[in-house]
Amino acid sequence: MTTWAVLGVAVAAVGLVWYWSGRYGGRARRGTSLVRGPHTHVNAKGRAKVGYATREDALAGARRASARDGAPMSVYRCDTCARWHVGHAK
Ligand SMILES: [Zn+2]
């Protein structure tokens, strides 16, 4: 029965992630499957953003991106993957 317990936990984990992605996708913009907005786990192309382990790492990435794009960037803690992402400041 241990195998079934492990399988159940795995299915529950996948379901939880699916629920989260649907929830945040729905909040960002209706009518599209792509998650967009200033504080999301994915970029405008719908692909997962680079995740930084610490705020300091994210700030270093934000400085590089800001210098490249010439636009102010901000960092934020992601609710989806619990890492830090860089996004355009509003
Ligand atoms: Zn994320």
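This is a predicted model, so every value here is computed, not measured.

(A) Structural view of the overall build of the protein. In terms of regular secondary structure, the protein is built from 2 helices and 2 strands. Along the protein, helices and strands appear, N-terminal first, in the series α-α-β-β. Looking at the protein residue by residue over its 90 residues, the buried ones come to 12%. Partitioning the contacts of the protein with sequence separation of at least 6, the portion at a separation of at least 24 is 38%.

(B) Main features of the nonpolar core. Among the nonpolar cores identified, the biggest contains 6 residues, and these are Y52, A58, A62, C78, W84 and V86. At the level of elements, α2 (55-69) and β2 (84-88) are the ones that each hand at least two residues to this core. Aside from chain neighbours lying at most four places away, what touches Y52 is D57, A58, G61, R83 and W84.

(C) Representation of α2 within the structure. If you check α2, its first and last C-alpha atoms are 20 Å apart, about what 15 residues at 1.5 Å a residue would give, namely 21 Å. G70 lies just past α2 and shows a positive phi near 70°.

(D) Here's a closer look at the pairing of strand β1 (residues 73-77). As paired elements, β1 and β2 share 5 bridges and run antiparallel to each other. Residue Y76 lies in a different strand from β2, and its bridge partner there is H85. Here β1 hands over to β2 after 6 residues, with A82 in that stretch at a positive phi of 65°.

(E) Region of the structure containing unusual backbone geometry. The backbone phi angle of A82 is positive, close to 65°, even though this residue is not glycine. With respect to the secondary-structure elements, A82 resides in the loop between β1 and β2.

(F) Summary view of the confidence of the model for the protein. Per-chain confidence: the protein averages 81 in pLDDT, with 74% of residues scoring 70 or above. Across the protein, α2 holds the top mean pLDDT of 96, while helix α1 (residues 2-28) sits lowest at 68. This stretch, residues 29-34, has a pLDDT under 50; its non-local contacts, to residues over four places away or in other chains, come to 3 contacts.

(G) Molecular detail of the environment of A53. Considering the arrangement of structural elements, one finds A53 in the loop between α1 and α2. With 31 residues separating them along the chain, A53 and W84 place their C-alpha atoms 6.3 Å apart.

(H) Broad picture of the environment of T80. Within the element layout of this structure, T80 appears in the loop between β1 and β2. Between the C-alpha atoms of T80 and T40, which are 40 residues apart in sequence, the distance is 8.1 Å.

Conventions we followed
Residues numbered from 1 in each chain as written. Predicted model: local features only at pLDDT ≥ 70, side-chain atom pairs only at ≥ 80, totals over all residues. Helix = DSSP H or I, 4+ residues; strand = E, 2+ residues; numbered from the N terminus. Buried ≥ 20, exposed ≤ 12 C-beta atoms within 10 Å, placed from the backbone. Contact = placed C-beta atoms within 7 Å. Core = buried A, V, L, I, M, F, W, Y, C linked by C-beta atoms within 7 Å. Expected span 1.5 Å × (residues − 1). Pairing = 2+ DSSP bridges. pLDDT = per-residue confidence, 0-100.

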